[in-house]
Amino acid sequence: MSKLIISTLLSMSLCSFSNAAPLKVGLVLDKGGKDDKSFNSAAYAGATKAEKELKIELKFVEATDVNAVENLHRSFARKNFDLIIGVGFAQTEAVRKVSAQFPKTKFAIVDGEVNAPNVRSLLFEEHEGSFLVGALAAMASPNKSVGFIGGMDIPLIRRFAMGYAAGAKYIDPKIKVTENYVGVTGEAWNNPAKAKELALAQFGSGTDVIFVAAGASGSGVFDAAEEKKKYAIGVDSNQNWMKPGVILTSMMKAVDVAVFDTIKETQEGKFAAGIVRFGLQNKGVDYTLDQHNQKLITAEMKKKVEEIKKNIIAGKIKVPDYYKKK
């Protein structure tokens, strides 16, 4: 009799588990959208991987207007989503406000820091990865002249630029580094025409390699590099495939991994608020090498950049950080 009761209870438990409602995840992308082949695409890839592998319920929206971000987060919260993920620093204030209004809902913010008991901040050491691609750019520059084009002129993107310039100068202290920005508003993330114009000007002045950190605007730099038979460096996602032979490498941020892991841990009841950092040490940032750019990165270049990476991780090379500059 007791065996029958145990068996029945076990069956009921398994049935209850199988019928449990899936985790509801809301993803708020920024203006670049899921097809920017960069930052947002990486976040979207991590979320859709979770949807497929973890069987969660996923809804996403693209914040075409920065003023609508707060309402998009609030809408997900009112619909009782379990986890709401904001992508991009511009959503920081919205996450701060809405998370306070819905303390039982879990939130995550990529590239933003919110100190709250129900918010996880996913932060990347962009300057470390940028130092590596800066070193590669210098090694690939016969004219000893490299460039940087950022999207919106904000501290986060200045952090990329500072690390990149430091990496280039680590290889050649006398190398010229030119720096431009697409704009000062959110429109800067989706203006490839302006980015191309800036890139053409840099290439015209002798620049050999341009690192672009500008979201969907980056495609304009890639087009300019192809036209002028120069090199570009991608960002956030592995963008080598977009123009093989033109894109020297990409400074990849594991945004997809950060998003997937946050969803997985939430599903498992292991969500923890606070800051989670992704750098070279835990493969949160890195340069990319694959079939699309392997002919551009010589064995000597690879050996040197791997040596630099090892020394950064060991603390032997101190990468300047724009956030900590005096």
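Right, let's walk through the structure included here. (Residues numbered from 1 in each chain as written. Predicted model: local features only at pLDDT ≥ 70, side-chain atom pairs only at ≥ 80, totals over all residues. Heavy atoms only, no water.)

### Focus: the nonpolar core
Counting 83 residues, the largest nonpolar core has Ile85, Phe148, Ile157, Phe160, Tyr164, Phe211 and Ile263 as its most contacted members. For Ile263, the contacting residues outside a window of four places in its chain are Leu23, Val25, Ala47, Ala50, Leu54, Ile56, Leu83 and Ile85. If you look at the next biggest cluster of nonpolar residues, it comprises 16 residues, including Val28, Ala63, Ile84 and Val119. (Core = buried A, V, L, I, M, F, W, Y, C linked by side-chain atoms within 4.5 Å. Buried < 20%, exposed > 50% of the residue type's maximum accessible area, 1.4 Å probe, protein only. Contact = heavy atoms within 4.5 Å.)

### Describing the pairing of strand β5 (residues 119–124)
Within β5, six of the six residues are buried, which leaves it mostly tucked inside the rest of the structure. Side chains Val119, Ser121 and Leu123 project from β5 onto one buried face, and the interleaved Arg120, Leu122 and Phe124 project onto a second face that is buried too. Two elements, strand β4 (residues 106–110) and β5, share four bridges in a ladder whose sense is parallel. Paired with Ile109 across the two strands is Ser121, which belongs to β5. In the sheet, β5 pairs with strand β11 (residues 274–278) via five bridges, with the strands oriented parallel. Bridge pairing in β11 links Ser121 to Ile275. (Helix = DSSP H or I, 4+ residues; strand = E, 2+ residues; numbered from the N terminus. Pairing = 2+ DSSP bridges.)

### Considering helix α6 (residues 155–171)
Between the first and last C-alpha of α6 there are 25 Å, a value that for 17 residues agrees with the 24 Å anticipated at 1.5 Å per step. Looking only at α6, the buried set comprises Leu156, Ile157, Arg159, Phe160, Ala161, Gly163, Tyr164, Ala165, Ala166, Gly167 and Ala168. (Expected span 1.5 Å × (residues − 1).)

### So, the packing of aromatic side chains
Using the criterion set out here, one finds nine aromatic pairs in the structure. Summarising the aromatic geometry, the rings of Phe131 and Tyr170 are spaced 5.7 Å apart at their centres and angled 55 degrees between planes, so their arrangement reads as tilted. Placement of the pair is Phe131 in helix α5 (residues 126–139) and Tyr170 in helix α6, with a sequence separation of 39 residues. For Tyr170, a relative accessible area of 37% translates into the label partly exposed. One aromatic cluster is present, formed by Phe148, Phe160, Tyr164, Tyr181 and Phe211 through successive ring pairs. Its end group placed over the ring of Phe81, Lys24 keeps NZ or CZ at 4.7 Å from the ring centre. Lying over the aromatic face of Phe260, Lys49 brings its terminal NZ or CZ to 4.6 Å of the ring centre. (Phe/Tyr/Trp six-rings, centres within 6.5 Å; stacked < 30°, edge-to-face > 60°. Lys NZ or Arg CZ within 6 Å of the ring centre and 35° of its normal.)

### Describing the packing of α5 against helix α10 (residues 299–313)
Orientation of α5 relative to α10, taken along the N-to-C sense of each, is 155 degrees, at an axis distance of 10 Å. With respect to each other, α5 and α10 are oriented roughly antiparallel. Where α5 crosses over α10, the two elements pack in a sense that is right-handed. Contacts between α5 and α10 pair Glu128, Phe131, Leu132, Ala135, Leu136 and Met139 from the former with Met301, Lys304, Val305, Ile308, Lys309 and Ile312 from the latter. (Axes fitted to C-alpha atoms, helices over the stretch in contact; angles between N-to-C directions. Parallel < 35°, antiparallel > 145°, perpendicular 65-115°, else oblique. Left-handed = near helix turned anticlockwise from the far one by under 90°.)

### With respect to the layout of surface pockets
Within this model, the largest pocket holds a volume of roughly 430 Å³. Every residue lining the largest pocket is counted, 30 residues in all, and those nearest its centre are Asp30, Lys31, Phe89, Ala90 and Trp189. Among the elements of the structure, α2 (39–53), α6 and β9 (231–236) are those that each provide at least two residues to the lining of the largest pocket. The leading source of residues in the lining of the largest pocket is α6, at three residues. Class assignment of the residues belonging to the lining of the largest pocket gives a composition of 15 nonpolar, seven polar and eight charged. Taken as a whole, the second largest pocket encloses approximately 290 Å³ of empty space. (1 Å grid on protein atoms, 1.4 Å probe; cavity = no way out; pocket = protein on both sides within 12 Å on 5 of 7 lines; lining within 4 Å. Points joined across faces, edges and corners; volume = space filled by probe spheres on them. Nonpolar A, V, L, I, M, F, W, Y, C, P; charged D, E, K, R; others polar.)

### Section: helix α3 (residues 69–78)
At 3.6 residues per turn, the α-helix brings residues three or four places apart onto the same side. Every buried residue of α3 is listed here: Val69, His73, Arg74, Phe76 and Ala77. Considered in projection along α3, the buried side chains sweep an arc of 160 degrees and stay on one side of the axis. Residues of α3 that are exposed and point more than 90 degrees away from the buried face comprise Asn71 and Arg78. A positive backbone phi angle near 60 degrees is found at Asn80, which sits one or two residues after α3. (Arc of directions from axis to C-beta.)

### Observations regarding the sheet that holds strand β2 (residues 57–62)
Backbone hydrogen bonds hold the strands of a sheet together, and the pairing may be parallel or antiparallel. Pairing is parallel in the open sheet, where six strands are placed in the order β2-β1-β3-β4-β5-β11. Pairing within the sheet leaves two strands with one partner each, and these edge strands are β2 and β11. Strand-to-strand twist across the sheet, computed as the mean angle between neighbouring axes with direction ignored, equals 15 degrees. Packed on one face of the sheet, helix α9 (residues 255–267) meets β1 (24–29), β3 (83–87), β4, β5 and β11 and runs near 160 degrees to β5.

Function cannot be inferred from these measures alone, as they are strictly geometric.
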